[in-house]
Each structure stands twice: as structure tokens, then as C-alpha cells.
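# A closer look at the structure
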Amino acid sequence: KLEKRKEQGDPNVKKIEMNDCDSLDFSASENQDRIIWTPSLAGCFAIAIIVEYEDGSGTISLSHYQPMEIDKHLKRIGKQTSQTPEKKIKTKKALIMVVEEHEKDPKSLKWKRTIKKEKLLAVLDAIKSTVGNDTQILVEPYLSSAYVGRERDHSLVVKRTPTENILYQTWYDDEKSL
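Criteria and thresholds
Residues numbered from 1 in each chain as written. Predicted model: local features only at pLDDT ≥ 70, side-chain atom pairs only at ≥ 80, totals over all residues. Heavy atoms only, no water. Helix = DSSP H or I, 4+ residues; strand = E, 2+ residues; numbered from the N terminus. Polar contact = N/O pair within 3.5 Å; in protein donor to acceptor, adjacent residues only side chain to side chain. Contact = heavy atoms within 4.5 Å. Buried < 20%, exposed > 50% of the residue type's maximum accessible area, 1.4 Å probe, protein only. Pairing = 2+ DSSP bridges.

### Overview of the side chain of Asp105
- Following the sequence through the fold, Asp105 ends up in the loop between β6 (89–104) and β7 (111–114).
- A polar atom in the side chain of Asp105 sits 2.7 Å from the backbone nitrogen of Lys107.
- Setting aside its immediate chain neighbours within four residues, Asp105 contacts Lys110 and Lys112.

### Points about the pairing of strand β3 (residues 34–38)
- The element β3 is largely enclosed, with a buried count of 5 among its 5 residues.
- Alternating residues of β3 divide into Arg34, Ile36 and Thr38 and Ile35 and Trp37, and every residue in both groups is buried.
- Sheet topology places strand β1 (residues 13–15) next to β3; 3 bridges connect them, and they run parallel. Paired with Val13 across the two strands is Ile35, which belongs to β3.
- Bridging between β3 and strand β9 (residues 156–160) involves 5 bridges; their strand directions are antiparallel.

Right, here's the structure in full:
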């Protein structure tokens, strides 16, 4: 559905491909959902940065990078967030989609789900240094094999509604407020 809207030139929908980053601006007077999304995460990082201003306008930046491209990812996030105009900021939020990996515990020999902490810490530090320490950050871990075959297979959708709500949805869950 989103792909079709994009192909038809809908200005309210923007798609981010792998190893890319872009943003979508919104205003207080929007009367339609503004949507930015990225498909096919399958082990990649996705980061959404939402900056809302006192006047009701704002920007949603979304990036999608492979884990081995983390340095490029962090540089692009910095460029995207540094382009925001000087307005009075109401809120700054970030959503980080990070893959969980299966790892065998050497003591118990049981398999457990883990996140590569050094990469996640690098992303958290980059967000704090470029967007600010006061950014509300939500980490959403996922298994790359979770619910394969669904219509929204391995995608992250971030939406700003006319009622000024910021929502996100993954391929394995319903919409949530951000």
C-alpha cells in the first residue's frame, strides 16, 4: 500500500532504501498522515529522529544501514539532524531498531538473545551528541527472523497524524505511540 502511494507520487509518503537517510517535514496545519518508512531491515539498524517545534511543525529523519556501515550511518544522522532550523524545540525523540542475535552462553551453554552493545552504545552516543542529551530514546530490538512473510516484512513505518501524534509500526507489531 505504501509502495503504491509512493509510486503514484504521494507527497505525504517517503521511502528510505538500505544504506540511506532522509527526512520528512510536517507542519501544524497538516490534514493528512505524513509517513516515512524503510523496508527490508533484516539485520540492519534503523533510526528515526523526531524533532517537534513549539509552532507544531517538525521533522522526522529516518535512516537504514547495515551494521558494518555504522560509521556512515552515524555521519548521516549528524548531517540530517544538524539541518533543522533554529526554532523553539518542544520535544526530541529517537527510535532505534536494532537486531538481536542468538548467542550461546559459555557457562550455561544455553542460547540467549543479545544485542551487540558496542554498536548500540555508539548509536546512543551519536544521537546524544548530534541531537542532544535531552532526547527521549526508545530502543526496539527485533529478531531478523520474526514473522517473515508478512505484508510489512522487516519494515519500520513512522507516521505523523493530523492530530499531531507520532506513531511507529514494525512488521511484527501494531502501531505504537512514540
